[in-house]
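Now for the letters of each chain:
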Amino acid sequence: MLDSHTAVGQMAPVASQHAREAAQAHLTTLLRVKAHESGWPHEVVQGLHVAHTEDGFQVGIHDSIQDKAMDLEYGTQSQAPSGLLRQFHNRMHDHADVAVGNSLLETAHRMGVI
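Cut-offs applied
Residues numbered from 1 in each chain as written. Predicted model: local features only at pLDDT ≥ 70, side-chain atom pairs only at ≥ 80, totals over all residues. Heavy atoms only, no water. Pairing = 2+ DSSP bridges. Helix = DSSP H or I, 4+ residues; strand = E, 2+ residues; numbered from the N terminus. Salt bridge = Lys/Arg side-chain N within 4 Å of Asp/Glu carboxyl O. Core = buried A, V, L, I, M, F, W, Y, C linked by side-chain atoms within 4.5 Å. Buried < 20%, exposed > 50% of the residue type's maximum accessible area, 1.4 Å probe, protein only. Contact = heavy atoms within 4.5 Å. Arc of directions from axis to C-beta. pLDDT = per-residue confidence, 0-100.

Considering the pairing of strand β2 (residues 56-61)
Thought 1: By the bridge criterion, 6 bridges tie strand β1 (residues 48-53) to β2 in an arrangement that is antiparallel. Of the residues in β2, the one forming a bridge with Leu48 is Ile61.
Thought 2: Taken together, β1 and the strand that follows it, β2, pair antiparallel across an intervening segment of 2 residues.

Focus: the pattern of salt bridges
For side chains of opposite charge, pairing can occur when their charged atoms come near one another.
Thought 1: Under the definition given, this model contains 2 salt bridges.
Thought 2: For Glu43, the salt bridge is made with Lys68, and the minimal N-O distance between the two is 3.3 Å. Of this pair, Glu43 sits in helix α2 (residues 42-46) while Lys68 sits in helix α3 (residues 66-74); the two residues are 25 residues apart in sequence, bridging distant segments of the chain.

Here's the deal with the nonpolar core
Thought 1: With 19 residues, the main nonpolar core has Trp40, Leu48, Val50, Leu85 and Phe88 as its most contacted residues.
Thought 2: The leading source of residues in this core is helix α1 (residues 4-37), at 5 residues.
Thought 3: Not counting residues within four places of it along the chain, the set of residues in contact with Leu48 comprises Thr28, Leu31, Arg32, Ala35, Trp40, Gly60, Ile61, Ile65 and Leu85.

Description of the environment of Leu48
Thought 1: Of note, Leu48 is situated in strand β1.
Thought 2: Residue class for Leu48 comes out buried when judged on its relative accessible area of 0%.
Thought 3: With 14 residues separating them along the chain, Leu48 and His62 place their C-alpha atoms 6.5 Å apart.

As for the side chain of Thr28
Thought 1: Among the secondary structure elements, Thr28 is positioned in helix α1.
Thought 2: Among all residues touching Thr28, those that are not within four sequence positions of it are Leu48, His49 and Val50.

Some details on α3
Thought 1: Of all the residues in α3, the buried ones are Ala69, Leu72 and Glu73. Taken around the axis of α3, the buried residues stretch over an arc of 100°, which confines them to a single face.
Thought 2: The positive-phi residue at the C-terminal boundary of α3 is Gly75, with phi of around 85°.

A few points about the confidence of the model for the chain
Any residue range with low pLDDT should be treated as having predicted coordinates unsuitable for detailed reading.
Thought 1: Taken residue by residue, the chain gives an average pLDDT of 82. The fraction at 70 or more is 69%.
Thought 2: Here helix α4 (residues 84-110) is the element of the chain with the lowest mean pLDDT, 74, and α2 is the one with the highest, 98.

Given below as structure tokens:
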């Protein structure tokens, strides 16, 4: 078994990348569920995702559904705004913290660190 300092040093880069990917997948699923529950059309729901950038986790919208998503988010003359994307973005970091933490624990366990 590795000593804890060496193990953490070896685990950190792999675990960090794995944790970001797991958080992205978790957040994308959560975003799509919330959009579906809000009645957003299937093609718009499928065009939503969360990505990790140098600025942190960000909501992404595929170009093909950008206009529809913005109409749903901000409303039109005949439709009230939903605010779903802004609400999700404001709460996203709490969900990301949980997903990253769970992923790091899983990786540490698989590597025999804990």
